[in-house]
Amino acid sequence: FRKRFRKSPVKRAKRRGLLRNVAVALGNWRSAEAVPALLEALDDDEPLVRGHSAWALGRIASADEALEGVTLDIARALGERLTIEGDGWVREEIGLAIPG
């Protein structure tokens, strides 16, 4: 990240800020195409990224055009993450995001 954005304004937001913004944009997009990247982000080292990824997954799962299989995958992944998540804020975001 540092090397790629060395002399760029993007570096000011830092990696976690950039990934948070991407998660928010994907959640607002509400497309199933974003699910794989957001599921991967649930394992990020940064709680800020994990929490916003959970929020985005919840938005996608609640979209009117969400596919049942995608919603089940999201629910399963969020439930699994909840069992190992140590950050209280992220746990809260996951709880709010779990469909159903």
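Bear in mind that the values here come from a model prediction, so they are computed numbers and not experimental data.

## Brief notes about unusual backbone geometry
Glycine aside, negative phi is the norm for most residues, and most peptide bonds take the trans geometry. The backbone phi angle of Arg-30 is positive, close to 60 degrees, even though this residue is not glycine. Locating Arg-30 in the fold gives a position in the loop between helix 1 (10-29) and helix 2 (35-41). Arg-30 gets classed as partly exposed once you look at its relative accessible area, which sits at 28%.

## Examining the nonpolar core
Ranked by internal contacts, the top residues of the largest apolar core, which has 18 residues, are Val-35, Leu-38, Leu-42, Leu-57, Ile-60, Ile-74 and Leu-78. Of all elements in the fold, only helix 1, helix 2, helix 3 (47-61), helix 4 (68-84) and helix 5 (88-97) reach the threshold of two or more residues within this core.

## Here's the deal with the pattern of salt bridges
Going through the model one piece at a time under the given rule, you end up with 6 salt bridges. A salt bridge links Glu-46 to Arg-16, with the nearest nitrogen and oxygen atoms 4.0 Å apart. Linking Glu-46 in the loop between helix 2 and helix 3 with Arg-16 in helix 1, this pair joins segments that are 30 residues apart in sequence. A relative accessible area of 27% places Glu-46 in the partly exposed class. Residue Arg-76 pairs with Asp-73 through a salt bridge whose shortest N-O separation is 3.2 Å. Of this pair, Arg-76 and Asp-73 are both found in helix 4, 3 residues apart, which corresponds to roughly one turn of the helix. Asp-73 gets classed as partly exposed once you look at its relative accessible area, which sits at 37%. Each of the salt bridges in this network shares a partner with another, and the network as a whole consists of Asp-43, Arg-50, Arg-81 and Glu-85.

Thresholds, definitions, all that
- Residues numbered from 1 in each chain as written.
- Predicted model: local features only at pLDDT ≥ 70, side-chain atom pairs only at ≥ 80, totals over all residues.
- Heavy atoms only, no water.
- Helix = DSSP H or I, 4+ residues; strand = E, 2+ residues; numbered from the N terminus.
- Buried < 20%, exposed > 50% of the residue type's maximum accessible area, 1.4 Å probe, protein only.
- Core = buried A, V, L, I, M, F, W, Y, C linked by side-chain atoms within 4.5 Å.
- Salt bridge = Lys/Arg side-chain N within 4 Å of Asp/Glu carboxyl O.

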